[in-house]
Each structure stands twice: as structure tokens, then as C-alpha cells.
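One letter stands for each residue in the lines below.
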Amino acid sequence: MSLEFLNNFFFTGQFIPHGHCYLWKPGLVTLHILSDSLIALAYYSIPIMLVYFVRKRQDVPFSWIFLMFGTFIIACGTTHLMEIWTLWHPSYWLSGFLKSITAFVSVYTAVSLVPLIPQVLALPSPAQLEMANVALHKEIAERKRVEVALRESQQMLQLVMDNIPQFIFWKDRKSVYLGCNRNFAQMSSVGSSENIVGKTDYELAWKKEEADFFFECDSRVMDGNTPEYHIIECLIQADGKQAWLESNKIPLHDLEGNVVGILGTFENITERKQAEEDIRNALEKERELIELKSRFISITSHEFRTPLSTILSSADILEFYNQKLSEDNKNKHLQRIKNSVKNMIELLDDVLFIGKDEAGKQELKPRLFELVQFCSGLVEQIQISTSHKITFSNQDEYINACMDEKLLRQILCNLISNAIKYSPQGNTVYFDLVCHCGEVIFKVQDEGIGIPEKEQAQLFTSFQRASNVGAIPGTGLGLAIVKKAVNLHNGKIVIDSRVGVGTKVTVSIPINYLENNK
Ligand code: ATP
Ligand code: MG
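Residues numbered from 1 in each chain as written. Chains lettered and ligands numbered in written order. Predicted model: local features only at pLDDT ≥ 70, side-chain atom pairs only at ≥ 80, totals over all residues. Heavy atoms only, no water.

As annotated in an unreviewed UniProt entry, the protein carries the name histidine kinase and is attributed to Cyanomargarita calcarea GSE-NOS-MK-12-04C. What the UniProt record of the protein gives under Function (unreviewed entry) is the line "Photoreceptor which exists in two forms that are reversibly interconvertible by light: the R form that absorbs maximally in the red region of the spectrum and the FR form that absorbs maximally in the far-red region." Listed under Catalytic activity (unreviewed entry) in UniProt, the entry text for the protein is "ATP + protein L-histidine = ADP + protein N-phospho-L-histidine." (UniProt positions renumbered as here; feature names shortened; annotations may be inferred.)

Below is the structure:
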């Protein structure tokens, strides 16, 4: 580039200033200067506002066109400043160059506008936006109204469910709770029905095994798409009490018929179950009573028949052969009659004792007496009428105890007479009396036939006898009486027996019944 070109471009060269064209008329020059200055000022200020607008409204689309307008306006402003400059300095090449840049930016902006116009026209107008806004407001208001209506209807539904006496819940396809009524919320310890949403059975008050059972049951109903009714379940409630429930589980479907959850309802049938149990127990008792009565009739009729026959035959002999009989023989028959009557009275006493006890009328009349003397006297009395040897041993010299003497006599007489009855003639029966830790312990032991192990527990029931008694007579009332008498004293009885080896019966009774039961 030659020096001459640069001189022409930036400097005046051979051109004359533009003011000459205006003949330097002050008015005309001033008019041009003022007009160009104001135009330039205005042109420079517009882009500032455009940039400010674009920065403030970043959501306005096509912001680049605003920036292009700005550039083109600045270029225009600069050409006007150049007009003032060329009044005195004829740098027309520079001025022309600036105009050409302005022309390029203006044309580029104008061309860019052409495809932009349809896009700008496609943008919603403020009026359209206003309309859309109004429509949106209407829709929001409508939605709010529907929401309120929905909430009210849900509240009504919840109210209905909360007042149903049953327990209701519903879960999603994964057995996660979606809702429940108030009864269920209280039972499951979540408090209110909203708190159950999102929980599983494993987070509620049930035990793990119960939760497993519910989960399995839910899966079965949902997987099989088949409702299950009247499922009886036992459950430990939040308060720790056991409850019996009768449940119904029904699969829930969406509009396409897919299983989307489960609805469960149940009732607490604990009272009904209890009533059933009571009826069952009462029936069982009734059955036992009927059985007892029939056993009573068969055994007592048999037990009465024998002494009655004896009495009749001895009375006949005395009536018909009175003259021929020796005094000894007469006495023998009279003795047989007396013994038979005694046996019948004893049997009646036993039956009366059982009857009284079962009616809850058997009274305990405890009094203080000395046991060692009492027991040795009893042994002496029994020893007279048996060929067995009864060995009585006692650790203490004196034992003062407060018991019902008549009942204790019945206990010991029955145990010792059993030991005698169920062991061979001439055998020894051991009777020990021990006082230990506030209890009196009576042990009666024999080396007799023993009792089969499986039958031992039932021998405390009236009229029950072991299978190995053979022809040994008995009614099966003795041990029942013993058990009841021991119970009345708050005592315990234990049988230790082996068939063919012998039997040991241990009775322990608190030494001072009155003291212990104050
Ligand atoms: P009773 O009413 O006349 O006493 P019982 O002796 O048959 O008749 P329990 O005294 O109640 O009735 O005894 C019940 C049963 O227990 C007996 O029939 C007998 O089978 C068994 N039993 C009791 N004591 C003994 C014992 N010491 N040895 C073996 N068996 C015994
Ligand atoms: Mg007996």
C-alpha cells in the first residue's frame, strides 16, 4: 500500500473540506453540525437501551437481532460524526469506508430480518398471551374446585370407613399400605390412618411370624387373583393382648383388569371364640359328669351288691338256723353283717366327700395338733387289722401343725391302705414323717405291684383304677379323695411308682395352713 493512498485515506490529500460546499455559511454549517451531533447522540444512546433491554429480558427470543440493530445504529451514528469531521477535514476515503461498513451491517441486518419475520409473527401476541392467561386462570380455579370436591368426598369416604365397626385396610401390589380405617390404625399402633401410608406389615405392631403370614396370604390372593373369605387368624395386638380375627382379602383391579392391590376387612371374633371355648369346656365337663355318673352307678351298684348279699345271706342263716348255730357261728355272722354295713357306710362317705368337694361345699377345719403322736396312733390302729408290717419313722420328736385332722386322717388312711392292698401279704409298708422348710412331708412306700407309668396321672380322677389291679377290690375313689384333701390344704402330691418294684407316694402340706392363708 503506497504512502499516497494512506495519506488520501486518513488525511485530507488533495480534497477540499465539506464546509466549502456550504460556502462556510455559519448558519448552514451550524445547522449540519447540530443535526449530525443530535443524530449521532440519539444513535449511540439507542444501542445502550437495547443492550439494557436484552440483558433485563433474557427470556425474549431472538435477542441477537437486537444486538445487530445496536451495531448497525452505532455504525449509522458514527457516519454522522464523520459528517461533522469532514466539514473541516476532507478524509472522504475514511468517511466512505465507514459508510461501507455501515452499509454492510445494515444490509446484513435487513437480510437476517427476512427469515425472522415469520418466526416472530408465530410468537403469541400479548393479546393472545392475555387470553391464554385468562384460560389458565379459569382452569386453575376449576382444578381447585375439583380438588376441594375430591377432598370432601375422600373425607366422607374416610368418615364412613372410620365408623364401620370392622377393620379395613388396602395395600398396593407389593403389600405396602395405601390406607386404612380408624379401627385398623388403632389396632396396628400407627395412631391415625394417614400414618399407615407407605408402611408394610413388618413395621407395624405384629410379630415377624404374623407379618410373614399376612404377606404370604396377600401374595396368594394377588398372584392367584382370587379372593379369600373367612380366614381365621390369631394376632398379638399393640397392647400385647391376643386377638382372634376373621378376615376377608379381595384383589383390587385397574380399568384394564390388572391386579393393582388388595382390600382387606376383618372382625375381631375373640369374644365369639371365647364363648365357643366356654361352650366346648362346658360340654366337656358335662360329658365327664355323665361318664362319672355312669361309672358311679356301675361301681357303686356292684360295690353295694356284694355287702348286701353278704348281709342277706348271714341274716337268712341267722333266721332259719338260729337254734342250730353255735354262739361262735352266730357271732361270726353278726360280725359279717356289721363289716358289710361298715363297708357300705365307708363307700357312702367317700361318695359324699367327692360330691361335696365337686359342689365346692367341702370345708377345711384346721386346728393345731401334734403330728408325731397323731401318725403313730394311726399306724397302731391300722396295724391291728393287717398282716403287713407298717414301719413308721420320724425325724422330729414333736411336730405341731395346723391342719384339718379329719382330712389328714383320710389322706393317710387311703395311702397306707393302698400300700397294704397292692403289696403281697406280710410285706413291709414304710411310712416316713419329715418336717422341712415349713412343710410337712408324708411318704408312704411299698414293694407291691406298682402302677403303669402312663396310667399314674389319671388315678386322681374318681373311679379310675390301674389296669394291673386284677381281682384286688376297690372303687377308685381313694386317691381322688386324697388329691382333693391335699389341694384344700394347698399341698402337693407326687406318685413315684414302677410296675413290679413298688410305689412311693409323697404328700407335702404347709405346716401352718392358717399362717399361710391369713
Ligand atoms: P378305693 O376307693 O377303695 O381306695 P382303689 O384303691 O382302687 O379303691 P384308689 O385308692 O383311688 O382306688 O387308687 C386308684 C388306683 O391306683 C388303684 O385302683 C390302683 O390301681 C392304683 N394304686 C393306688 N395305690 C397303689 C399302690 N400303692 N400300689 C399299686 N397301685 C396303686
Ligand atoms: Mg384305695
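Don't stop here, the text continues.
## Here we look at the packing of aromatic side chains
In total, this model carries 15 aromatic pairs according to the counting rule given. For the pair Phe167 and Phe266, a centre-to-centre distance of 4.9 Å together with 5° between the ring planes defines the contact as stacked. Pair noted here: Phe167 is in strand β1 (residues 167-172) and Phe266 is in strand β5 (residues 259-268), with a separation of 99 residues, a long-range link. Seen from their ring centres, Phe169 and Phe266 are 6.3 Å apart, and the 50° between their planes marks the pair as tilted. Of the two residues, Phe169 is situated in strand β1 and Phe266 in strand β5; the sequence distance between them amounts to 97 residues. Side by side, Phe169 and Phe266 carry an identical accessibility label, which is buried. Each member of the aromatic cluster is reached from another via a ring pair, and the members are Phe167, Phe169, Tyr177, Phe184, Trp206, Phe213, Phe214 and Phe266. Geometry around Trp244 places Lys273 over its ring, the cationic atom sitting 4.6 Å from the centre. (Phe/Tyr/Trp six-rings, centres within 6.5 Å; stacked < 30°, edge-to-face > 60°. Helix = DSSP H or I, 4+ residues; strand = E, 2+ residues; numbered from the N terminus. Buried < 20%, exposed > 50% of the residue type's maximum accessible area, 1.4 Å probe, protein only. Lys NZ or Arg CZ within 6 Å of the ring centre and 35° of its normal.)

## Thoughts on the site of ligand 1
As a matter of local geometry, ligand 1 sits amid 20 residues, with Asn418, Tyr422, Arg465, Thr475 and Leu479 nearest to it. Interatomic distance of 3.1 Å between a side-chain N/O atom of Lys421 and an oxygen atom of ligand 1. At 2.9 Å from a nitrogen atom of ligand 1 is found a side-chain nitrogen or oxygen belonging to Asp446. For ligand 1, the accessible surface in isolation is 580 Å², of which the surrounding protein chains cover 94%. Among the elements that make up the shell around ligand 1, the one with the highest residue count is helix α11 (residues 405-421) (three residues). Looking at the shell around ligand 1, its residues break down into nine nonpolar, eight polar and three charged. (Near = heavy atom within 4 Å. Polar contact = N/O pair within 3.5 Å; in protein donor to acceptor, adjacent residues only side chain to side chain. Areas by Shrake-Rupley, 256 points an atom, 1.4 Å probe, with all protein chains shown as cover. Nonpolar A, V, L, I, M, F, W, Y, C, P; charged D, E, K, R; others polar.)

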